[in-house]
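One letter stands for each residue in the lines below.
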Amino acid sequence: MDNKEQYLRDLRTYVYGFLLAVVLTVAAFWAALGSGWAPGTVLSVVGFLGLIQLSVHLRYFLHIDRSRQQREDLDLILFTSLVVLIIVLGTIWVLGNLHERMHMHM
Amino acid sequence: MHAVEVNQHPGLNLTQHSDVHVPKNATVIFGFWIFLMSDMVFFGLMFAIYITMIGATADGPGPKELFDFTSLALQTGALLLSSLTAGMALLVLKYNQRQRTMVLWLLATLILGLTFLTLEVRDFIAMFAMDAGPWRSGYLSAFFGLVPLHGLHVTMGCLWLVVLLIQLSIFGMVPKLKTRFMRFALFWHFLDLIWIGIFSIVYFGAWTYG
């Protein structure tokens, strides 16, 4: 493959990733501060935009994709995400339940 | 035909003609990737604590009184831009372009990182002036457990970058230094991932909910 062509492709990856990240960030800021939606809607939209932005950063900046050579890297990040999800959701579940039983507002 | 280029490890991969020993490099970078993932678990714990502490303000100031969104936007912009400049520096490294260009991109990254830290510290000082430090409430303890932890990572990243720049000026672009720069770039992009969680959950989540 031509070196120049490969260079341009790599360059595009970073620039596209950056532009996507900026658009998603601005959208999240607008949804939270400018939209005036109900809190539930804002939370879901910001959460959704955050998840997309995470995958954009992984794809364009960290170069994690589903190509064969990187399967271990992808496995590792998926497993770690599972651990983090269990920790975070478990904590919120247990402590949220505790708060409720003690009639506190979380 | 794109089949020639295979991805050996996370982050930007060097070309086949590079002077870096590819399998060894892939092992070293995978090891660093494991460190980053364990760091992610650490951050996950701090996020979990923070979420359960939203509302535990003990009648002290909460998100509505404390957050400065102009500063948050500037900090986010500085971090995103620094990710791009770090990527540009790595491209110079991959395609063996002029070392001077790479140093300029890295200096831009360093300046943006320091800008981020300055803004963040300024926010913390403003909060302290309102008697809103970690001592004030469970909520603020959780806030100051999580956000400065990310800031500390950025500080370490800046320090690391300075050391690498000094090494670069002494040794030139030797293969060993190349893999160090590649790991630095991974670390720097990883901090962006955490920052997305911070502005989504710590700032917007608590501001909407609290």
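Residues numbered from 1 in each chain as written. Chains lettered and ligands numbered in written order. Predicted model: local features only at pLDDT ≥ 70, side-chain atom pairs only at ≥ 80, totals over all residues. Heavy atoms only, no water.

## Considering unusual backbone geometry
(1) Moving on: The residue H63 of chain A is not glycine, and still its phi comes out positive at about 55°.
(2) Moving on: Assignment of secondary structure puts H63 of chain A in the loop between α2 (39-60) and α3 (71-101).
(3) Moving on: A positive phi angle, near 60°, is found at D59 of chain B, a position not held by glycine.
(4) Moving on: Here D59 of chain B is to be found in the loop between α1 (22-53) and α2 (63-66). (Helix = DSSP H or I, 4+ residues; strand = E, 2+ residues; numbered from the N terminus.)

## Things to note about helix α5 (residues 138-171) of chain B
(1) Moving on: When the terminal C-alpha atoms of α5 of chain B are compared, their 49 Å separation across 34 residues agrees well with the 50 Å that a helix rising 1.5 Å per residue should span.
(2) Moving on: Once α5 of chain B ends, the next one or two residues include G172 of chain B, with phi positive near 75°. (Expected span 1.5 Å × (residues − 1).)

## Describing the pattern of salt bridges
(1) Moving on: Under the defined criterion, the tally for this structure stands at 1 salt bridge over all chains.
(2) Moving on: Of the charged contacts, one joins D10 of chain A and K94 of chain B as a salt bridge, the two residues approaching to 2.7 Å between their closest N and O atoms. Taken together, the positions of D10 of chain A in helix α1 (residues 3-33) and K94 of chain B in helix α3 (residues 69-94) put the pair across two chains. The residues D10 of chain A and K94 of chain B share a single accessibility class, namely buried. (Salt bridge = Lys/Arg side-chain N within 4 Å of Asp/Glu carboxyl O. Buried < 20%, exposed > 50% of the residue type's maximum accessible area, 1.4 Å probe, protein only.)

## Quick notes on the domain arrangement of chain A
(1) Moving on: Taken domain by domain, chain A consists of domain 1 (1-63) and domain 2 (68-106).
(2) Moving on: Measuring from the centre of the C-alpha atoms in domain 1 of chain A to the corresponding centre in domain 2 of chain A gives 23 Å. (Domains from an automatic or database assignment.)

## With respect to the interface of chain B and chain A
(1) Moving on: Counting residues at the interface gives 49 residues for chain B, matched by 50 residues for chain A.
(2) Moving on: The interface formed by chain B and chain A includes 1 salt bridge.
(3) Moving on: At the level of secondary structure, the elements contributing two or more residues to the side of chain B that touches chain A comprise α1, α3 and α6 (175-209) of chain B.
(4) Moving on: For the side of chain B that touches chain A, the class distribution of residues is 31 nonpolar, 15 polar and 3 charged. (Contact = heavy atoms within 4.5 Å. Nonpolar A, V, L, I, M, F, W, Y, C, P; charged D, E, K, R; others polar.)

## Some thoughts on α2 of chain A
(1) Moving on: For α2 of chain A, built from 22 residues, the straight-helix expectation of 32 Å at 1.5 Å per residue is met to within 8% by its first-to-last C-alpha distance of 31 Å.
(2) Moving on: For α2 of chain A, the set of buried residues is V42, V46, L49, G50, Q53, V56, H57 and L58 of chain A.

## Description of the packing of aromatic side chains
(1) Moving on: Tallied over the entire structure, the rule returns 25 aromatic pairs over all chains.
(2) Moving on: Taking NZ or CZ as reference, R59 of chain A lies 5.4 Å from the ring centre of Y60 of chain A, over its face.
(3) Moving on: Note that K64 of chain B overlies the ring of W207 of chain B, its terminal NZ or CZ placed 4.5 Å from the centroid. (Phe/Tyr/Trp six-rings, centres within 6.5 Å; stacked < 30°, edge-to-face > 60°. Lys NZ or Arg CZ within 6 Å of the ring centre and 35° of its normal.)

## Some words on the nonpolar core
(1) Moving on: Grouped together as the largest cluster of nonpolar side chains are 96 residues, with contacts concentrated most on W33, Y50, F67, F143, V202, Y203 and F204 of chain B.
(2) Moving on: Put simply, the parts of the chain that give this core at least two residues each are α1, α2 and α3 of chain A together with α1, α3, α4 (99-129), α5 and α6 of chain B.
(3) Moving on: Shared between two domains, this core takes at least three residues from each, and those domains are domain 1 (1-63) and domain 2 (68-106) of chain A.
(4) Moving on: Excluding residues that lie within four positions of it along the chain, W33 of chain B makes contacts with L58, L62, I64, D73, L76 and I77 of chain A together with P10 and L186 of chain B. (Core = buried A, V, L, I, M, F, W, Y, C linked by side-chain atoms within 4.5 Å.)

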